[in-house]
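Coordinate inspection notes
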Amino acid sequence: MDAKRRKLAWVARQNFQGWACTECAWVFSVSGPPVGKSLEEMKRNYEQQRDKEFTSHICTQQPRAE
Ligand SMILES: [Zn+2]
């Protein structure tokens, strides 16, 4: 697998809208309501969670949808 080539990309399809990996079928799914005392904090937490999950996912373990 090529971990350096993959990127986090915003995708807008007919049945899905959100953050996805450019190299496999991984998508970021929010677990639970946003956490934070302010909108800014929620946004920061969301981005941190997204980046953490993206970094830790393994491309070869994700089935390719298309
Ligand atoms: Zn991937």
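What you see is a predicted model; the values in this text were computed from it and never measured.

Section: the coordination of the zinc ion
Each pair of donors in an ideal octahedron of six around a metal sits at 90 or 180 degrees, and each pair in an ideal tetrahedron of four sits at 109.5 degrees. Looking at the zinc ion, the protein donor atoms are Cys21 (SG), Cys24 (SG), His57 (NE2) and Cys59 (SG), and they sit 2.1 to 2.4 Å from it. Geometry at the zinc ion is tetrahedral, judged from its 4 donor atoms and the angles of 105 to 115° they form at the metal. Accessibility expressed as a relative area gives 7% for cysteine 21, which makes it buried. Judged by relative accessible area, which is 9%, cysteine 24 ranks as buried.

Considering the side chain of arginine 50
As for its position among the elements, arginine 50 is in helix α1 (residues 39-56). A residue is classified by how much of its surface remains accessible, and arginine 50, at 11% relative accessible area, is buried. Setting aside anything within four residues of it in sequence, one finds arginine 50 in contact with Leu8, Trp19, Trp26 and Phe28.

Brief notes about the confidence of the model for the protein chain
This prediction gives the protein chain a mean pLDDT of 87; 88% of its residues lie at or above 70. Across the protein chain, element-level confidence peaks in α1 with a mean pLDDT of 95 and bottoms out in strand β2 (residues 17-21) with 93.

Overview of the pairing of strand β1 (residues 8-12)
Direction of pairing for β1 relative to β2: antiparallel, over a ladder of 5 bridges. The residue of β2 that forms the bridge with valine 11 is glycine 18. Joining the antiparallel neighbours β1 and β2 is a turn of 4 residues.

Quick notes on the pattern of salt bridges
This model, assessed by the stated rule, comprises 2 salt bridges. For glutamate 23, the salt bridge identified is with arginine 5, shortest N-O distance 2.9 Å. Placement of the pair is glutamate 23 in the loop between β2 and α1 and arginine 5 in the segment before β1, with a sequence separation of 18 residues. For glutamate 23, a relative accessible area of 25% translates into the label partly exposed. Note that arginine 50 and aspartate 51 form a salt bridge whose closest N and O atoms lie 3.1 Å from each other. Since its relative accessible area comes to 35%, aspartate 51 is described here as partly exposed.

Rules used throughout
Residues numbered from 1 in each chain as written. Predicted model: local features only at pLDDT ≥ 70, side-chain atom pairs only at ≥ 80, totals over all residues. Heavy atoms only, no water. Donors = N, O, S within 2.8 Å, 3.2 Å for Na, K, Ca; no water. Tetrahedral: all angles 85-135°; square planar, octahedral: opposite > 155°, others 65-115°. Buried < 20%, exposed > 50% of the residue type's maximum accessible area, 1.4 Å probe, protein only. Helix = DSSP H or I, 4+ residues; strand = E, 2+ residues; numbered from the N terminus. Contact = heavy atoms within 4.5 Å. pLDDT = per-residue confidence, 0-100. Pairing = 2+ DSSP bridges. Salt bridge = Lys/Arg side-chain N within 4 Å of Asp/Glu carboxyl O.

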